[in-house]
Amino acid sequence: MDSKRKKRSVTASTILIVFVTCCLYTLYILKFENPRSSSPVSLLPTINTLKKIEHVTDLNQEYVFVGDIHGNYDEFIELIDDKIGGLRENTTMILLGDFIHKGPDSDKVVSYILNHKDQVKCVLGNHEILVMMAYLNPDYSQWVRHPKLMIPLTFSTETDFIPQDISKISGAHARLAHELGFSKLSQLAEHCSMVIELDLDVTDDKLFGVHAGMLPGDFIKSNQIPSVSSLSNMKFVNKKHWSKTSREKENKNYVRWFTMWDKYGDSFSNAKVFYGHDASMGLNLRKQTKGLDTACVKDNLLSSMRVKYNGKKEQYEYTLIQVECS
Ligand SMILES: *[C@@H]1O[C@H](CO)[C@@H](O)[C@H](O)[C@H]1NC(C)=O
């Protein structure tokens, strides 16, 4: 009887000790190891989800949407210098995200953007976002299992944003974060957005540039604001619940997002979406959606589309312009 009681009290005190240790450890993690409270890095500026180029009435302006460059600076310059006749005063380029990472010269691509801010606009892709997260969380590998404890990015429509694919953050992202540093990353956060809307008043066209994609009505219907996660990373959408988007085909209700434009785009017939992100589909030019990621980083092609007014036809013309990558 005595020994049983002794055993019981030993078990109880063991449980108590384990419990207290756990509590203290959790407190320690939250208070001292949480990068939000201890990290010395500077926060990046709030990123605009949407930037607009409104009321375009100047028919001499040309717009060039450019698919995923992935640090292939030489091909990017070849596109500008040899294929579109140089960056002139009437040229506006819109880079569709993933312009850094994987290829050889991400730093040069970023410098070019920042040195030509008036003419080179940009949207952020999943890789720019991961590099920014790697910058804010230099000890990211510790936090991949507890992403909620990481320092988040802030967008105009979403605070505390932590990407769903945070486990894909890699040493290469971290090295690039270090190479670019605070000054360039914060300038990119200020200069780029998640979406660029181009309103061509003369023909009433609304052109959207986005990395991953957008659904019919997004930003056009005032109550339909897509998530940063879908703008930067979706490939599929649940056709019954458009707020559910994903990178993988989760189940039979999930379809490629652009097929929703094929079906329902007529209600927004003046809208077009230019995007990158999906090299597996390659060049994907449909009535209202223009997929321009043609895997330059895998020695394929860098693709772009020029939008230019044709006075005789009184409409804008869309011309595919490509550079071979090596
Ligand atoms: C842009 O300017 C160049 C000359 O600088 C001209 O050749 C070109 O036609 C202009 N683009 C448009 C759409 O007018």
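Note: the structure precedes this text.
Residue numbers restart at each chain and count upward from 1, following the sequence in its written direction. For this predicted model, a pLDDT threshold of at least 70 governs which residues receive local features, and a threshold of 80 or more governs which side-chain atom pairs are given and counted, while totals over whole chains, interfaces and linings are taken from all residues. The side-chain numbers reported here are obtained from all heavy atoms of the structure, hydrogens and water having been left aside.

**Q** Looking at this structure, how should I read the overall build of the protein chain?
**A** A tally of regular secondary structure across the protein chain gives nine helices and 16 strands. Relative to its 326 residues, the protein chain shows a buried fraction of 51%. Long-range pairs, those at least 24 residues apart, make up 65% of the contacts in the protein chain with a sequence separation of at least 6. Shrake-Rupley sampling with a 1.4 Å probe provides the accessible areas, and residues are treated as covered by the protein chains on show and by no other component. When the accessible area of the protein chain is evaluated, it comes to approximately 16200 Å², of which 50% is carbon and sulfur surface. By definition, any uninterrupted DSSP run of H or I lasting at least four residues is a helix, any uninterrupted run of E lasting at least two residues is a strand, and each is numbered from the N terminus. Only protein chains enter the accessibility calculation, which uses a 1.4 Å probe; a residue whose area is less than 20% of its type maximum is buried, one above 50% is exposed, and one in between is partly exposed. Residues count as neighbours in contact if any of their non-hydrogen atoms are within 4.5 Å of one another.

**Q** How do you make sense of unusual backbone geometry when you look at a structure like this?
**A** Of all residues except glycine, most have a negative phi; of all peptide bonds, most are trans. Positive phi, close to 50°, is recorded for His70, a residue that is not glycine. Notably, Asp204 is not glycine yet its phi reads approximately 70°, a positive angle. Relative to the assigned elements, Asp204 resides in the loop between strand 7 (193–200) and strand 8 (205–210). Asp204 gets classed as exposed once you look at its relative accessible area, which sits at 52%.

**Q** I keep staring at the nonpolar core and nothing clicks. Help me out?
**A** As a rule of thumb, soluble globular proteins bury nonpolar side chains together. Residue types Ala, Val, Leu, Ile, Met, Phe, Trp, Tyr and Cys, when buried and joined through side-chain atoms within 4.5 Å, form a set referred to as a nonpolar core. The biggest cluster of nonpolar side chains holds 75 residues, and the ones touching the most others in it are Leu95, Phe99, Met132, Leu153 and Trp257. The greatest single-element share of this core, amounting to eight residues, is contributed by helix 5 (residues 126–136). Trp257 has contacts with Ala212, Gly213, Met214, Leu215, Met234, Lys235, Phe236, Val237, Val273, Tyr275 and Thr289, leaving out every residue within four places of it along the chain. In this structure, Tyr63, Phe65, Val123 and Leu207 belong to the second largest nonpolar core, which totals 16 residues.

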